[in-house]
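Here's the letter readout for the chains.
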Amino acid sequence: MQNRQTNQVFNFDKFPNFEKDIDLKQRAWIEVKGKAIETNVRELRSKLSKNCQFMAVVKADGYGHDAKVVSEYAIEGGASELGVATLKEGIKLRSFGVKKPILILGNLYTKRDLIISFKNDLMPTISSIRECLVCNNIGKHFGLKFSLHLKVDTGMSRLGFESNKFVQEFEKIKSFENISIEGIYSHLSSADEDNALDSQSITQVQRLKFNELLKQINLDRNNEIKIHLANSAGMLLSKDFHFHMVRVGLSMYGYSPLVKIDKNLLLKPALSLKVKVAFIRTIDKGVSVSYGGKFVSHRKTKLAILSIGYADGVPRNLSGKINVIYNNKFYPQVGSITMDQMMVDISDSNEIKVGCTMVLLGSDGDKTISPLEWARKSNTIPWEILCSFKNRLPKVQVD
Ligand SMILES: Cc1ncc(COP(=O)(O)O)c(C=O)c1O
């Protein structure tokens, strides 16, 4: 090999090939406890009637946890179906050997995508007669039935048949011979709002509308069509939302979306976010730290430089608002979070050294920092925090 700057020629043959195996924990990483997912699914399933099934929602790479690990453990905990957002996510799960039914929650509208879905044994979400017809034609072409779920819009105004046309359109759909309607579902828009159980709430209006539509399409009692409505919040609100299946994401990962947390619900966060201390420096009183000089030291300050930043998915607007844990103690993050690094005031510690591991999310001793806290502080929702972590952060399974 030749050095481009000096033109020196090196022979590295005798050196070990370190690059082949850069330590997953070299910089910053996500740790995932598969067992926590399994335990959470069991715990959540214990709140369902015996016949109510559990769909594990593993879209967006299992809410940033690693869809393969999450699917494996969710199935171990009793999940009978999986929900993804995209065709690619579904195909990836099949490539991991997942055998359970997989529903694509996003919309497929081209014949090509629907054929791929069919060939990979993925069930599409159908929102129109046109999409239904395409599926029927694909089924007919192969001499088989195309399994799918119909979605009806009850108030989200996103995907789904229009509720006032659904009954009429369902009559037509029933006559399609090469589709198999595996499910009929809708999605709640506001079940995590404080007032969700009030009789006038959007959530109750959606539930009543959904019930009314089901009554009108007059499903035969013996039919096998699965009816489903609830996300995590809907599931935790009341059994009235359970029907034949619930579609659960956030709470399976260990967080309740409800403000009024049920003390009897034992959920374990499955994710930790950890980072190495890359450098330590001491600055005098009155010295500014990071871009924009927003933080100025008010004493002689020891700073740990951590190898993580907004390019890894830590929101920049958390600058100066979060803590990091080391050995059961909190240390404040100071100055603007940069693209790849952030600074932490470790003046009160003699034990933190370069190469030590600090905890940004998760627990250490009796201290915990939750994505719910980050979400509150950065004025967003925990779903967005979990889905923002970038591929640059390796995911390490720790059970
Ligand atoms: C259609 C659908 N069902 C279920 C879920 C799971 O929601 P949650 O993470 O709140 O449980 C989602 C997530 O956004 C969704 O889009």
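All values derive from a computational prediction rather than experimental measurement.

The rules behind these values
- Numbers given to residues run from 1 along each chain, matching the order in which its sequence is written.
- With pLDDT at 70 or above as the cut-off, local features in this predicted model cover only qualifying residues; side-chain atom pairs require 80 or more to be listed or tallied, and sums for whole chains, interfaces and linings still use all residues.
- Numbering of helices and strands starts at the N terminus; helices are DSSP runs of H or I of at least 4 residues and strands are runs of E of at least 2.
- Buried residues are those with 20 or more other C-beta atoms within 10 Å of their own C-beta, exposed residues have 12 or fewer, and partly exposed residues lie in between; C-beta atoms are placed from the backbone.
- We call two residues in contact when their backbone-placed C-beta atoms lie within 7 Å.
- Residue ranges assigned to the domains are those given by an automatic or database domain assignment.
- The classification used treats Ala, Val, Leu, Ile, Met, Phe, Trp, Tyr, Cys and Pro as nonpolar, Asp, Glu, Lys and Arg as charged, and all other residues, Gly among them, as polar.
- What makes a nonpolar core is a set of buried Ala, Val, Leu, Ile, Met, Phe, Trp, Tyr and Cys residues, with links drawn between C-beta atoms within 7 Å.
- Think of it as the arc spanned by the lines of direction from the helix axis to the C-beta atoms.
- In this description, strands pair whenever DSSP reports at least two bridges between them.
- Seen with its strands pointing away from the viewer, a crossover is right-handed when the path leading from the first strand over the helix to the second is clockwise.
- For each residue, a C-beta position is placed from the backbone atoms; the residue is near a molecule or strand when that point lies within 6 Å of it.
- Note: pLDDT gives the predictor's confidence per residue, expressed from 0 to 100.
- Each axis is a line fitted through C-alpha atoms, taken for helices only over the stretch in contact, and angles between the N-to-C directions span 0 to 180 degrees.
- Each angle gets one of four labels, with under 35 degrees taken as roughly parallel, over 145 as roughly antiparallel, 65 to 115 as roughly perpendicular, and the rest as oblique.
- Crossing handedness is read from the near helix: turned anticlockwise from the far helix by less than a right angle, it gives a left-handed crossing, and turned clockwise, a right-handed one.

Looking only at helices and strands, one finds eleven helices and 20 strands in the protein. Overall size of the protein, expressed as C-alpha extent along the three principal axes, is 75 × 60 × 35 Å. With 399 residues in all, the protein has 43% of them scored as buried. In the protein, 63% of the contacts between residues at least 6 apart in sequence involve partners at least 24 apart.

Before going further, it helps to spend a moment on the domain arrangement of the protein. In terms of domain boundaries, the protein breaks down into domain 1 (34-253) and domain 2 (271-397). Using only C-alpha atoms to locate each centre, domain 1 and domain 2 end up separated by 38 Å. Taken together, the contacts link nine residues of domain 1 with eight residues of domain 2. Of the residues that constitute the side of domain 1 that touches domain 2, the class distribution is five nonpolar, three polar and one charged.

What follows is about the nonpolar core. Core analysis: the largest hydrophobic core is formed by 106 residues, its most contacted members being Met-55, Ala-56 and Val-344. The element that contributes the greatest number of residues to this core is helix α3 (residues 67-76), accounting for six residues. Two domains each provide a minimum of three residues to this core, namely domain 1 (34-253) and domain 2 (271-397). Ignoring sequence-local partners within four residues, the contact set of Ala-56 consists of Val-41, Val-70, Ser-71, Ala-74, Ala-79, Leu-82, Val-248 and Met-252.

With that settled, the discussion passes to helix α4 (residues 87-95). For α4, every residue scored as buried is listed here: Glu-89, Gly-90 and Leu-93. Axial view of α4: buried residues confined to an arc of 100°, hence all on one face. Those residues of α4 that are exposed and angled more than 90 degrees off the buried face are Lys-88 and Ser-95. Each element contacted by the buried residues of α4 is listed here: α2 (59-64), α3, β3 (81-84), β4 (102-107) and β5 (122-126).

Where burial is concerned, the two faces of β3 agree: the one with Glu-81 and Gly-83 and the one with Leu-82 and Val-84 are both buried. In terms of strand pairing, β3 meets β4 through three bridges, oriented parallel. Bridge pairing links Leu-82 to Ile-102 in β4. Running through α4, the crossover from β3 to the neighbouring parallel element β4 is right-handed.

Once that is clear, we can look at the site of the ligand. In the vicinity of the ligand, the residues found are Val-57, Leu-105, His-187, Asn-231, Ser-232, Ala-233, Arg-247, Val-248, Gly-249, Leu-250 and Pro-257. Put simply, the parts of the chain that give the shell around the ligand at least two residues each are α9 (232-237) and β10 (245-248). Split into classes, the residues belonging to the shell around the ligand amount to six nonpolar, four polar and one charged.

Glancing now at the confidence of the model for the protein. Model confidence for the protein is summarised by a mean pLDDT of 96, while 100% of its residues fall at 70 or above. When the elements of the protein are averaged for pLDDT, strand β20 (residues 395-397) gives the smallest value, 95, and strand β2 (residues 53-57) the largest, 99.

On to the packing of helix α7 (residues 163-174) against helix α8 (residues 202-217), then. α8 packs onto α7 with a crossing angle of 20° between their chain directions and a minimal axis gap of 10 Å. It follows from the interaxial angle that α7 and α8 lie roughly parallel. Crossing handedness for the pair α7 and α8: right-handed. Contacts between α7 and α8 involve Ser-163, Phe-166, Val-167 and Phe-170 from the former and Lys-209, Leu-213, Gln-216 and Ile-217 from the latter. Among the residues making up the contact of α7 with α8, the classes are represented as five nonpolar, two polar and one charged.

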